Amino acid sequence: MRAMRLYLINPSNPLVSIVHVKESRWNRYRVWKPLGLMVIAGLTPRDWDVTIVDENLGAPDYPAMPRPDLVGITAFTSQANRAYEVAAHFRGLGVPVVIGGIHATMCLDEVMERVDSVVTGEAEGVWPQVLDDARQGRLKRRYDGGLADMNAVPLARHDLLPRRYAFGAVQTTRGCPLNCTFCSVTAFNGAKYRQRPIPDVVREFQSIHEKHVLVVDDNLIGTRPDHIARAKDLFRALARANLRKQWVAQATINFADDEELLTLAAKAGCRGVFIGFESPTPEGLREIGKKFNLLKGRDFRASVRRIQRHGILVVGSFIIGLDVDEPGIGKRIADAATEYGVDNLNTLFLTPLPGTRLWDQMKADDRLALGAFPEDWKYYTLTFPVARYKHLSREDIIEEMLSCGRHFYSLPRILRRVWDNVWRRRQPLISLVGNLSFRGNIRLDRTAYADFQRHLASRCSTSAPSAMA
Ligand code: B12
Ligand code: SF4
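The following paragraphs examine the structure supplied in this document.

What counts and how
Residues numbered from 1 in each chain as written. Chains lettered and ligands numbered in written order. Predicted model: local features only at pLDDT ≥ 70, side-chain atom pairs only at ≥ 80, totals over all residues. Heavy atoms only, no water. Near = heavy atom within 4 Å. Polar contact = N/O pair within 3.5 Å; in protein donor to acceptor, adjacent residues only side chain to side chain. Helix = DSSP H or I, 4+ residues; strand = E, 2+ residues; numbered from the N terminus. Nonpolar A, V, L, I, M, F, W, Y, C, P; charged D, E, K, R; others polar. Pairing = 2+ DSSP bridges. Axes fitted to C-alpha atoms, helices over the stretch in contact; angles between N-to-C directions. Contact = heavy atoms within 4.5 Å. Buried < 20%, exposed > 50% of the residue type's maximum accessible area, 1.4 Å probe, protein only. Phe/Tyr/Trp six-rings, centres within 6.5 Å; stacked < 30°, edge-to-face > 60°. Lys NZ or Arg CZ within 6 Å of the ring centre and 35° of its normal. Parallel < 35°, antiparallel > 145°, perpendicular 65-115°, else oblique. Left-handed = near helix turned anticlockwise from the far one by under 90°.

**A closer look at the site of ligand 1**
Not every one of the 41 residues close to ligand 1 is listed here, only the nearest: Thr74, Thr77, Ser78, Glu124 and Asp218. Within the backbone of Thr77, a nitrogen or oxygen atom sits 2.8 Å from an oxygen atom of ligand 1. Between ligand 1 and Asn189 there is a distance of 3.3 Å, counted from a nitrogen atom to a side-chain nitrogen or oxygen. Listing elements by their share of the shell around ligand 1, those giving two or more residues are α1 (35-43), β3 (70-74), β4 (97-100) and α6 (185-189). For the shell around ligand 1, the element with the most residues is α1, which contributes four residues. Tallied by class, the residues present in the shell around ligand 1 amount to 20 nonpolar, 16 polar and five charged.

**Re the sheet that holds strand β1 (residues 4-10)**
Spatially, six strands are ordered β2-β1-β3-β4-β5-β6 in an open sheet, and the strand pairing comes out parallel. Every other strand in the sheet has two partners, leaving β2 (48-54) and β6 (142-144) as the edge strands with one partner each. Adjacent strand axes in the sheet meet at a mean angle of 20°, parallel and antiparallel pairs treated alike. As defined by bridge partners, strand β5 (residues 117-120) adjoins β6 across three bridges and the pair is classed as parallel. Paired with Thr120 across the strands is Asp144, a residue of β6. With respect to the sheet, α1 is in contact with β1, β2 and β3, its orientation differing from that of β1 by roughly 165°.

**Describing the site of ligand 2**
Inspection of the region around ligand 2 gives Cys176, Leu178, Asn179, Cys180, Phe182, Cys183, Thr186, Asp218 and Lys290 as its neighbouring residues. Grouping the constituent residues of the shell around ligand 2 by class yields five nonpolar, two polar and two charged.

**Details of the environment of Trp48**
One can find Trp48 in strand β2. Overall, the relative accessible area of 6% leaves Trp48 in the buried class. Measuring from C-alpha to C-alpha, the distance between Trp48 and Trp423 comes to 54 Å, with 375 residues separating the pair along the chain. Setting aside residues up to four positions removed in sequence, Trp48 forms contacts with Met4, Arg5, Leu6, Leu70, Leu131, Ala134 and Arg135.

**A look at the packing of aromatic side chains**
Per the stated rule, a full pass over the model turns up 20 aromatic pairs. Aromatic side chains Trp359 and Trp377 sit 5.9 Å apart centroid to centroid with 35° between the ring planes, which places their arrangement in the tilted category. Linking Trp359 in helix α13 (residues 357-364) with Trp377 in the loop between α13 and α14 (394-408), this pair joins segments that are 18 residues apart in sequence. Overall, the relative accessible area of 11% leaves Trp359 in the buried class. Taken together, the ring pairs in this structure connect Phe349, Tyr379, Phe384, Tyr449 and Phe452 into an aromatic cluster. It is Arg114 that lies over the ring of Tyr84; its NZ or CZ is 5.0 Å from the centre. It is Arg417 that lies over the ring of Phe408; its NZ or CZ is 3.7 Å from the centre.

**As for the sheet that holds strand β12 (residues 270-278)**
Strand order in the open sheet made by the six strands is β7-β10-β11-β12-β13-β14, with parallel pairing throughout. Among the strands making up the open sheet, the edge pair consists of β7 (167-170) and β14 (344-349). The average undirected angle you get between the axes of adjacent strands in this sheet is 25°. For strand β11 (residues 246-251) and β12, the ladder comprises five bridges, and the chain directions are parallel. Across the sheet, residue Gln250 finds its bridge partner in β12, namely Phe274. The sheet contacts of helix α9 (residues 259-268) involve β11 and β12, and relative to β12 the element is tilted by about 130°. The sheet strands contacting helix α12 (residues 329-340) are β12, β13 (313-320) and β14, and the helix crosses β13 at an angle near 160°.

**As for the packing of helix α8 (residues 225-240) against α9**
For the pair α8 and α9, the least separation of the axes is 8 Å and the interaxial angle reads 30°. Judged on the interaxial angle alone, α9 and α8 are roughly parallel. Two packed elements cross with a definite hand, and for α8 against α9 that hand is left-handed. Counted together, Ile228, Ala231, Lys232, Phe235, Arg236, Leu238 and Ala239 of α8 and Glu260, Leu261, Leu264, Ala265, Lys267 and Ala268 of α9 form the full contact between these two elements. Among the residues making up the contact of α8 with α9, the classes are represented as nine nonpolar, no polar and four charged.

Okay, here's the thing in structure tokens:
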């Protein structure tokens, strides 16, 4: 049997500033590996000749590449347009195209019209069948992987990507019970927190050549005591394996509540954590359903300090554009993040993503300001105001976002943070790089917003009001 050739493609989204590596060299540290495709490659029998194409590293010359027998495309919502362009190119050559991932799952009908076959949900349970069917020329229109058995998650093929990334990537758990209104994770990966066997995770870490690794889990430590116990076991195993890796992860603020957990995480190589604070006000937290942050008596500053004392940097994430947000919210977020003492701040526009509770609500209330799909999906990056916000017009909310960046990333505030890290011997260099990278992006964001506004002005549909109030 001749080897079948498979291309697995991660489409770019030209509007996402984090992929503009050329404009800002700091952005090298913010381009991450397409782990989903590396897992699909890990599920693919070795008699297939697999190439992973990450368009974030530069547009490939597809016509100059050998003709594949099958193309698999992944896509977040924001990548859907480019995914369709790539699909059209290969279908034009008579090559069957399969698409999978979150957008395909949430917007099945739209996707079905543009590809030969769709895999919804997690692919572990169905991908071997897809390949067999493709080999026999009898691909079905749809396969549904549902939720995978975590024992069936293969080692991702870390060997298939070039060594140009700053970070490797690994996943240890899936699913989240918290189901925040704006987030797709519970809808896609389920409410049950599922964990991979620890030996698999250690082996996968060992196969990653980068020194720095992103643990992509949405919440590495989970929510319940048994989840925390598992996280501790994982950290002990990673420390025992003596990997000499430094990694960053996402967690909820309860990471700070257990000294033993923090000690073990640091010993295992944890150097940074992304924490979703989401809103500086209890009303905001209630609006989006982030119950964990509402815990009575929670002192965010003390929690952040406790994490940092273990040599772990904290990146705080906030959302702008909630119904409770009024003019002044940008500065308010910057001040709250400064008061909490986070090392970096990442603020995003409230964005209704398909499949979320927020999407259902905003769609029902006719609050999608950019609703010409699939064309408009490229703006669903959380870096453009795509909805109608209650108290902020489009111009207002952009100004609030810029004001937030200006306040948090003012040079005096950056220097104070970096000095604090020098003083406490806490990775001052990484802190400086991170702060300058975010500061550098403010200029790019300003240009992107101007283009966005021009684009909307040139569209007749912009006659609709841009804010509710
Ligand atoms: C790591 C990550 C990133 C990395 C991206 C790395 C990369 N290129 O993949 C970074 C930080 C760059 C990133 C950026 C963004 N992200 Co992000 N990200 C994640 C995160 C936390 C993990 C993704 C991951 O690696 N999962 C592990 C792999 C194994 O799972 P998977 O990709 O889902 O793949 C499985 C299936 O989907 C399926 N599958 C996937 N692709 C394919 C392809 C084929 C052919 C087949 C058959 C099957 C298949 O099989 C795989 C195995 O089961 C997810 C949350 C999550 N739980 O998924 C959010 C998530 C995907 N991100 C999200 C968003 C919104 C974004 C941004 C738009 C905004 C932002 N700033 O966060 C940007 C946009 C980037 C862009 N290019 O346009 C949303 C997407 C929602 C949506 N509808 O699109 C998610 C779900 C988070 C959320 N809170 O809702 N992200
Ligand atoms: S935002 Fe975080 S805590 Fe909330 S549902 Fe998504 S993954 Fe879970």
